[in-house]
Amino acid sequence: MDKTVFSTKIDPTGKDGSIVRFKLYKALGDEVGTASLEGEIQYSLAELKSSHGIEQDNGFSVLLPPSSVSLSVRLMPSQNEERSDAAVRGFASFADNHSGSGLQNMDWRSLSDRANGLMSSYNQTHRGEDIEEAIRILSAWYSGLPSDSKDRAACANSLGSAFHMRLRHSNSIDDLEQVVHYWSIVLESWTSGSPYYVPLVVNLGGVLRRRFEWQGKFEDLEQAIIMFSAATSSCPPDSPYRHNLLNNYAVALFTRFEQTGDPQDLDLSVQTHQECLLLRPPGHSSRFLTLSGLADAICVRCRHRGNAGDLASAMAYYHEALELCSAENPSYPIIFMNIGLALRYSFECNGDLQNLNTAIMYYSIALRTCPDNHPKRSSLLANYAGDLFLRFTRSGDINDLEYSIKLYTDSLANQSPTHAYRFSSLHGLAIALTSRFKVYGVPEDLDLAITHIASSMALCVPSHPEHISMLMAWINCLVMRYKTRGDITDLETAVEHSEAAIRFCPKESPNYFPLLTHVNNALSTRFSRQQDVRDLERIIDYCDSALRDVPQHHISNRPLGMDRADALLKRYFHEGGMNALEQVISFYRDLMQDLYRGHQAFSRSLIQLASALQARFEQSGNADDLDCAVKHYRTACEACPPGHHDHFAAFLGLGNALLLRYHIFGLLDDLDECLVHLAHVVEARALATYHPDYPTDLANFAYAIFSRFQNQHDITDLDIAVNYLQAARDHPNQSEGRHILAHLATALSARYDECEDINDLQESIKLFETALPMFAPNNPNALHLRRNLAGSLQKMYEKRQTMEDLNAAIAHFEAYVTISPEDHPDMPLALISLASCRHMRAKACKDDDGFWNALSLLVTASGKLPEAHPWFSLVYRLRITILRDYYRLTKDASFLEEAFQDHQLASSAPGIHTWDQLAAALRWKTDANVFHHKSALEAYITSIKLLDRHIMATPTVSGRYKALLGSILRDTPSLAADATACAISAGDLELAVELSEQGRGLLWSQMSRFRAVINDLRAVDDEGHRLANEFESLSAELGRRHSDSSSGIKTVTEALRRTQQEAEARQYRQVSSQWDAVVNKIRQKQGFAYFLTPMPYKELRAAAIGGPVIIINASINRCDAIIITKNGPPRLVPLPDASLMGITTTSNDFRNVLRNTAGVGEEKMREMQLIPVFRRLWDAVLAPVVEVLLTIVPKGSRVWWCPTSKLTSLPIHATGPYHKGASNMPNIYVSSYTPTLSALIRSRRQNISKVASDTPSFVSIGQSKPNSRSGGRELEAVGAELELVKSLVPPSMACSEVSGDEGTVSGAIQALKTNSWVHLACHGKQDFVQPFDSSFALRDRPLRLSDIIQAEPDNPEFVFLSACHTAVGDKNAPDEVIHLAAGMQFSGFRGVIGTMWAVDDTTAHHMVKEFYDAMFSGKINYTNAARALNKASKAVDKNKVPMDQRVVFIHIGA
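In short, a report on the structure. (Residues numbered from 1 in each chain as written. Predicted model: local features only at pLDDT ≥ 70, side-chain atom pairs only at ≥ 80, totals over all residues. Heavy atoms only, no water.)

**With respect to the overall build of the protein**
The following threshold applies: Secondary structure follows DSSP: runs of H or I at least 4 residues long count as helices, runs of E at least 2 residues long count as strands, and numbering of each begins at the N terminus. Partly exposed residues are those whose accessible area sits between 20% and 50% of the maximum for their type, while under 20% is buried and over 50% is exposed, using a 1.4 Å probe and protein chains only. Note on definitions: a residue-residue contact is assigned when non-hydrogen atoms from the two residues lie within 4.5 Å. Only the protein chains shown count as cover for residues, and the accessible areas themselves come from Shrake-Rupley with a 1.4 Å probe.
In terms of regular secondary structure, the protein is built from 57 helices and 17 strands. Scored against the burial criterion, the 1454 residues of the protein give a buried share of 61%. In the protein, the share of contacts with a sequence separation of at least 24, taken over all contacts with a separation of at least 6, comes to 71%. For the protein, the computed accessible surface area is about 53200 Å², with 51% contributed by carbon and sulfur atoms.

This is the structure:
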């Protein structure tokens, strides 16, 4: 069989495009004819960079990953080289005629018969001892013959035949040498006139060609062709051996064509095959061999000359050959393989991946039918590997790459070290390993690739036609290793050798243009390292020179043009020049006209065009350019599946373009999508974190996360951004150090603002100072860095009060103002910062002129800002600070009044975003309290209104909680209580109630507003549905806080910055106007007149329809109770003996008692320690309230408690004097709780879409064995409790149970949705970190509070939560009342029994029994739950149920 090695040879193209010359090497076996073809196929792989593995750097801000691929494919003709047994038979006959002249004392006929018999037996049985004995007999005979014996030729022929027979199974080079030796001796004894001359030439020529393949001696091939040519001329047309001779002659010509590329050899090979085919008509046993060989030659001719008809003819010949060849024939797998190669070529021509998939299927079949010892198995393995690799480059399936590497490795194991085409297998394996390195970044893959390329170069002397291909692969790997390890020696070596090679390579050489692409790539990479623009100029000169010498439509024009355009784009990024940028855009737009979507240059060209358009946008501010860039990046992403060499480049480009568009135009959708794409890249790279592109990808992602932090103020985002940037900075392969340092310094400075960790600020300053010298002084990035450094120094002064820090900050700000153009869009920000620093110095030095100088700078800054610009918030804030400090210095009240006027403006001026308005209002109320200013109440009203709007704009519940806790409650945890206290002091009790209601339970109120009001609005009509959608969208936009342009390294031009500022102001005004219009339209809808307006007191007092509601307000300024009844004004009960500090102490003491006396047997001690706590709370808070209540409602009445602050964690219902003869709270009133007045109102309101059942259904949900991950112990009493409840439910109620294996989350939610009354017994857990993750422990997983919120039961009425901690609020946000019982109330249950601390499951059933006995003693109604609980706490056996377990349960709701 023949051996085919399909290697790649790069022809002229640019670095992104290559012409690949495919060479078909075929090794002939002794019985199998071979054809070899050297085809020069010119097709573009960008104009194709990917064809030869070039590593490309990019000129724009996003560092694109390597996009190179190199192909090494082995092609083998399937025709069998013929061996004529006639020669053997002839020599046997000749020996018979000369038997008398053999060895002395030996019978020649007997020896011959014996040897022939053994050889015949070996052919049938393959027993090694048979052929060994035959060779021994013949060797002994031959060695005994005299040199002039006429029998020497006969014996040599037999010996050659015997060795040849063994060769078929041994594949031993020694056996091959013996065959050539003995048959050459025979040839010397015969002339062309001998009847056995032709069959001898057929056999000897075949093994000479085979030795050529094994040892690479071209003279063997030349000798074979000379013999074949001479024999063909002398062979009569009717010779029975002529067809064998023609077959092997055609194969040898084909092989020489592969080596020399002489088209005459290819034409003569086709012609000779065709003549042979005429001598092998249908029915001829060897016809399939000639059909296959002819198909090989025609296929290669099609590759070289582009005649589509040739390919169709070749496929027809292949299929006919396959039909004639038996599966047992050694040629069978080779025909399959060559059909695959033809299909692969068809794929290259039309890009139809199905052709490649079918080709790979044929390889698979061929491999299954190819024995392990088949002489052509290595060629099959190599070709199979090559096409798998090609499919990997198109589809990105990593499994294809891994299998390709395995097959290449197996192919090499099947080759001898001196195999003629071993270099090609080594090259193919190296390129595949290089590609795997690009995917995973494993250094060993690259090292092994370099080793294999070095070995292949050693096998290809400089004169070898494949030597330059090996050299280019070596250069490429050097560049790649430089990018991986940063060793400049690798890069300099690559540049030196590539430029030396191009100087000595004639332009006429097919290697010139592909070599030039490597030169360009090495120079481009060196420019990225050294920023020497001369490297780019050399690329441009090389390309210009080459393009002048090639025709306009030459295949190399496209890739060379791409090289040139890339260099121009890089030069633009380095030194500007719009002309060059326009050239790049024009070139790529023209190029895209000629590229179809599947073309390998398609994605690369599209990415470069998008980059150039993005660059032009940054200069001109034309939004169409940026939109086009985003569109092109999206198309590139669609065309680049995972594994594609441009996959990461496309997604990085899209992510960064979207981030830029977000920064300019503020579209939150762009930020969200950007994060998705950049996260995808980072996650994919995380498989190999040492990949050279990983640090840049990480930094890009970190910057996007930092942008989200600037919008949403989630400190978690800031921490993540800092961690990622630190990882990128410390990565050994990072190459964008100055930008990473600048981003990290900015993020650390921002984190200092949030956490005030001096280490963050110190590190920020250090990083800024390190990065600043890395930029040219006038570089826009340097200006931006300088301003940020000054800002950090200013913060350091504020922290340490060291004048050295302040003076340094002022110097940097002044330098910025001096260097920057007057109309620079960031100039107002710099002037504001400089004014701030000069004010600080004036304050420290008591410098009157310094104050006025600072105010003058603010006037200048204001004059440079467009109307309604967001930065006016900074102007107002600083003016307030300066005026306030100047008032303190001069005691001139007019300055203080002016400051408070600015407070009002900062909280309401148009153009200032909601977040900044809220922050301004909070500063306003603080100053009003400090200076006892009359505007304090107005400041509180404004703060609460803006807080509601800010929280409303956050789309998710958890996000609202983070926004509330992270930015508001951290600084003003008692905003609602303080506002209420302020209104009380002002004598406006109704306003006090309204402010208390507006400032507490924000999350529940907003969720109910959106669930009820917005859903109701959607249900009204089509207009209502549209208005609801518009309201939600515009609310999110208004809540967006644009990134402060001072908080990141400069990424855009001055013109673009101005565009950004104008766009922000214009957009905010537009969105704000649209929001107001939508709200007004909603209010015009019937039933929605009070939409988004605070509920007035006259509506809030409806909460007291069932009894008085008592708000207990605990502020740092004063403590009071406000009693609300269904009629009349609210009544104030001052609590002079209570204080916020005292209540906080009582709350802590209560928790400590529960924690320190939780052991078995400590019940009495716990009761003794709890009573003083209850008594203290009674005396300070409850006694004055009860005294007034008794004048309103009699003992035994129901009352509702609405506590605030730390009072939410105390059991008000259990307090009392605890003296003999005195009544405690349970004996005075029946207590219930409500988080807010509106929550109680909702509990009483019947949902208009749901009709309550006359006979409510009851379900018991229990789980004694929760999921092991919950960490909860088994609750042995749950089963008994469920049985007890079931026995107590009256027959009139339908009763069911969900427990055991059915006690899962889905089972529980379904039960909640379909039953009116619910009893739930299991473990409960309050999550103090993420309160919306508080949960009930069920069999499969926790039933979380967030699940309950979304459940929306059909007709919920009452739920008893017999679980621990179900009514424990969040200690960080107590006024939000975020716990499981509140979640049940929000989901629709009108009455809820919950627990304020841990429940003892061994005693809970006593309370449960007494409760349901009381609950079902009369008419079944959920409103009886509070009285039933009160009765149970008093009726239960006090010897069995300790005090804390009698009062652990509370009632919430109606």
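**Re the sheet that holds strand 14 (residues 1342-1344)**
Just so we agree on the cut-off: Two strands are counted as paired when DSSP detects at least two bridges linking them. As a rule, the C-alpha atoms of each element are fitted with a line to give its axis, helices using only the stretch in contact, and angles between N-to-C directions run from 0 to 180 degrees.
With antiparallel pairing, three strands are arranged side by side in an open sheet as 12-13-14. Two strands bound the open sheet, and with one partner strand each, they are strand 12 (1323-1325) and strand 14. Averaged over neighbouring strand pairs, the angle between their axes works out to 25 degrees when direction is ignored. With three bridges connecting them, strand 12 and strand 13 (residues 1335-1337) associate as antiparallel partners. Paired with Lys1325 across the strands is Ser1335, a residue of strand 13.

**Considerations on the pairing of strand 9 (residues 1258-1262)**
Counting buried positions along strand 9 yields five of five residues, so the element is predominantly enclosed. Neither face of strand 9 is exposed, since Phe1258, Ser1260 and Gly1262 on one face and Val1259 and Ile1261 on the opposite face are all buried. Note that strand 9 and strand 10 (residues 1295-1298) share four bridges and pair parallel. Paired with Val1259 across the two strands is Ser1296, which belongs to strand 10. Bridge count for strand 9 against strand 11 (residues 1317-1321) is five bridges, and the pairing is parallel. In the sheet register, Ser1260 faces strand 11, and the bridge partner there is His1319.

**Concerning the packing of helix 28 (residues 694-712) against helix 29 (residues 715-730)**
As a reminder, the rule being used: Each angle receives one of four descriptions, namely roughly parallel if under 35 degrees, roughly antiparallel if over 145, roughly perpendicular if within 65 to 115, and oblique otherwise. Crossing chirality is assigned from the near helix's rotation relative to the far helix, an anticlockwise turn below a right angle marking it left-handed and a clockwise turn marking it right-handed. Under the scheme applied, nonpolar residues are Ala, Val, Leu, Ile, Met, Phe, Trp, Tyr, Cys and Pro; charged residues are Asp, Glu, Lys and Arg; polar residues are all the others, including Gly.
Interaxial distance between helix 28 and helix 29 falls to 8 Å at its minimum, and their mutual angle equals 160 degrees. One finds that helix 28 runs roughly antiparallel with respect to helix 29. For helix 28 against helix 29, the interelement crossing comes out left-handed. Contact residues: Pro695, Leu698, Ala699, Phe701, Ala702, Ile705, Phe706, Arg708 and Phe709 in helix 28; Asp717, Leu718, Ile720, Ala721, Tyr724, Leu725, Ala727 and Ala728 in helix 29. Of the residues that constitute the contact of helix 28 with helix 29, the class distribution is 15 nonpolar, no polar and two charged.

**Description of the pattern of salt bridges**
We count it as follows: Salt bridge, as applied in this entry: a Lys or Arg side-chain nitrogen positioned within 4 Å of an Asp or Glu carboxyl oxygen.
For the structure on display, the rule yields 57 salt bridges. Glu129 is paired through a salt bridge with Arg127; the nearest N and O atoms lie 3.5 Å apart. On the basis of relative accessible area, Glu129 is assigned to the partly exposed category, the value being 48%. Here Arg604 ties to Asp566 by a salt bridge, and the two come within 3.9 Å at their closest N and O atoms. Here Arg604, found in helix 24 (residues 600-620), pairs with Asp566, found in helix 22 (residues 557-575); they are 38 residues apart in sequence, far enough to count as distant. Looking at Asp566, the relative accessible area reads 5%, which means it is buried.

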